[in-house]
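Okay, here's what each chain looks like letter by letter:
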Amino acid sequence: MGETLYQILGRRRAEPLPERKPSWLKVKAPGGPNYLRLKKLMREMDLHTVCEEAHCPNVGECWEHGTATFMILGDVCTRNCAYCAVAHGRPPRYDPSEPERVATAAAEMQLRHVVLTSVDRDDLPDFGAWAFAETIRQLHEKLPGCSVEVLVPDFQGRETSIRTVLEARPEIYNHNTETVPRLYKKARPGGRYRRVMEIFRVSKQIAPDIPTKSGMILGMGETIPEVVEVMKDLRAVDVDILTLGQYLRPSDSHIALDRYYTPEEFRELYRIGMSLGFRHVESGPLVRSSYHAWEQVQAAGVETA
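Here's a quick rundown of the structure. (Residues numbered from 1 in each chain as written. Predicted model: local features only at pLDDT ≥ 70, side-chain atom pairs only at ≥ 80, totals over all residues. Heavy atoms only, no water.)

1. Concerning helix α6 (residues 129-142)
Between its first and last C-alpha, α6 extends 20 Å over 14 residues, near the 20 Å set by a 1.5 Å rise per residue. Listed in full, the buried residues belonging to α6 are Ala-129, Ala-131, Phe-132, Ala-133, Glu-134, Thr-135, Ile-136, Gln-138 and Leu-139. In the core, the buried residues of α6 are packed alongside β2 (69-72), α5 (98-109), β5 (113-118), β6 (147-151) and α7 (159-166). (Helix = DSSP H or I, 4+ residues; strand = E, 2+ residues; numbered from the N terminus. Expected span 1.5 Å × (residues − 1). Buried < 20%, exposed > 50% of the residue type's maximum accessible area, 1.4 Å probe, protein only. Contact = heavy atoms within 4.5 Å.)

2. Details of the pattern of salt bridges
With the rule as written, the count across this model stands at 19 salt bridges. Across the salt bridge formed by Arg-195 and Asp-154, the nearest N and O atoms sit 2.9 Å from each other. Here Arg-195 is found in helix α9 (residues 193-206), whereas its partner Asp-154 is found in the loop between β6 and α7, with 41 residues between them in sequence. Exposure remark for Arg-195: the relative accessible area of 22% places this residue in the partly exposed category. Look at Asp-154 and you get buried, because its relative accessible area is 3%. Residues Glu-229 and Lys-232 are paired through a salt bridge, measuring 3.5 Å at the closest nitrogen-oxygen approach. Of this pair, Glu-229 and Lys-232 both sit in helix α10 (residues 224-236), three residues apart, which is roughly one turn of the helix. Residue class for Glu-229 comes out partly exposed when judged on its relative accessible area of 42%. (Salt bridge = Lys/Arg side-chain N within 4 Å of Asp/Glu carboxyl O.)

3. Things to note about the side chain of Thr-177
Take Thr-177: it is sitting in the loop between β7 (172-174) and α8 (184-187). If sequence neighbours within four positions are ignored, Thr-177 has contacts with Tyr-184, Arg-188, Tyr-193, Val-196, Met-197, Ser-214, Gly-215, Met-216, Val-230 and Leu-234.

4. Observations concerning the side chain of Ser-161
Along the polypeptide, Ser-161 turns up in helix α7. Of the polar contacts made by the side chain of Ser-161, one reaches the backbone oxygen of Asp-126; its length is 2.9 Å. With residues up to four places along the chain from it excluded, the contact list for Ser-161 reads Asp-126, Phe-127, Ala-129 and Phe-155. (Polar contact = N/O pair within 3.5 Å; in protein donor to acceptor, adjacent residues only side chain to side chain.)

5. Concerning the nonpolar core
In this structure, Phe-70, Leu-116, Phe-132, Val-150, Phe-155, Val-165 and Tyr-173 are the most contacted members of the largest nonpolar core, which totals 40 residues. If you list the elements that add at least two residues to this core, you get β2, α5, β5, α6, β6, α7 and α9. The contact partners of Phe-132, leaving out residues within four places of it in the chain, are Ile-72, Leu-73, Leu-116, Thr-117, Ser-118, Val-150, Leu-151, Val-152, Pro-153, Phe-155 and Val-165. Counting 37 residues, the second-largest nonpolar core is a separate cluster that includes Tyr-83, Met-231, Leu-234 and Tyr-247. (Core = buried A, V, L, I, M, F, W, Y, C linked by side-chain atoms within 4.5 Å.)

6. Comments concerning the environment of Ser-283
With respect to the secondary-structure elements, Ser-283 resides in strand β10 (residues 280-283). C-alpha separation for the pair Ser-283 and Pro-263, spaced 20 residues apart in sequence, amounts to 8.8 Å. Ignoring anything within four residues of it in the chain, the contact list for Ser-283 reads Leu-244, Phe-266, Leu-269 and Tyr-270. A distance of 2.8 Å separates a polar side-chain atom of Ser-283 from the backbone oxygen of Phe-266.

7. Digging into the pairing of strand β8 (residues 212-218)
Within β8, seven of the seven residues are buried, which leaves the element mostly enclosed by the surrounding structure. Neither face of β8 is exposed, since Thr-212, Ser-214, Met-216 and Leu-218 on one face and Lys-213, Gly-215 and Ile-217 on the opposite face are all buried. By the bridge criterion, two bridges tie β7 to β8 in an arrangement that is parallel. Paired with Asn-174 across the strands is Lys-213, a residue of β8. (Pairing = 2+ DSSP bridges.)

8. Overview of unusual backbone geometry
For residues other than glycine, phi is negative in most cases, and the peptide bonds are mostly trans. At Phe-127, a residue that is not glycine, the phi angle is positive and equals roughly 65 degrees. Summarising the element assignment, Phe-127 is placed in the loop between β5 and α6. One non-glycine residue, Gln-156, lies in the positive phi region at around 55 degrees. For Gln-156, the location among the structural elements is in the loop between β6 and α7. Among the residues examined, Gln-156 registers a relative accessible area of 37% and is labelled partly exposed.

In structure tokens, the structure reads:
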């Protein structure tokens, strides 16, 4: 029998990067009427989206479909991950009226599924858990029937913070693994790989009925076997949904891009992920954690209010 694509990928070394991005990574620049409307609304209500802050390549597509990921707790992060475009420094004082403003904006947008994420707030006693919980409560109150997905920071692994968020009953609890253990010190110095797995173990103990989700960005120097081992670790702690996308270097000061994965490689990783037992895998060059979030909810069979 011939070698499988997985076996070939497992020994493949990074090749010289092409001078230009591959064709499958080219997207239309945002600027449609709904995109402009939502951008204006965000500025008027002094809200932030990870779509803009993280330079997401899908911002035009998602905003034209009336979908956005709200970034709460400000736009300055207390950590400095080597792959991330979000500003690092001392965050401003948190505004406790933000949850209501987010819910009001979501209601005006008439969203069916809302994603909430945030910068790391290691400066706050609960690391920002109350802000997530209160925003979930406000969204459920102002938008009955709307499902809420949270993409949370690690809360330094604090169980009380994890519990605070889960007791507000989000429909999906998401925390990104981002990369493989070998690259954590280089790419995510403030994080701990084993802590990520413990977060999912604890979350399933607290709320076993709430689906969990995680994501990775590929192309920072990991190997395919390393990626598959992470996928196995995530399944071992009963993670339900997985996203896999291509790392795109925000600037020359960020971690170097090792290589571009092809659509064929992402399809093979999808196949492997589904064979491991994930309820849903979103795998592709332009995939980000909240990309096609509503479709992921439906595909994974998540029940909404």
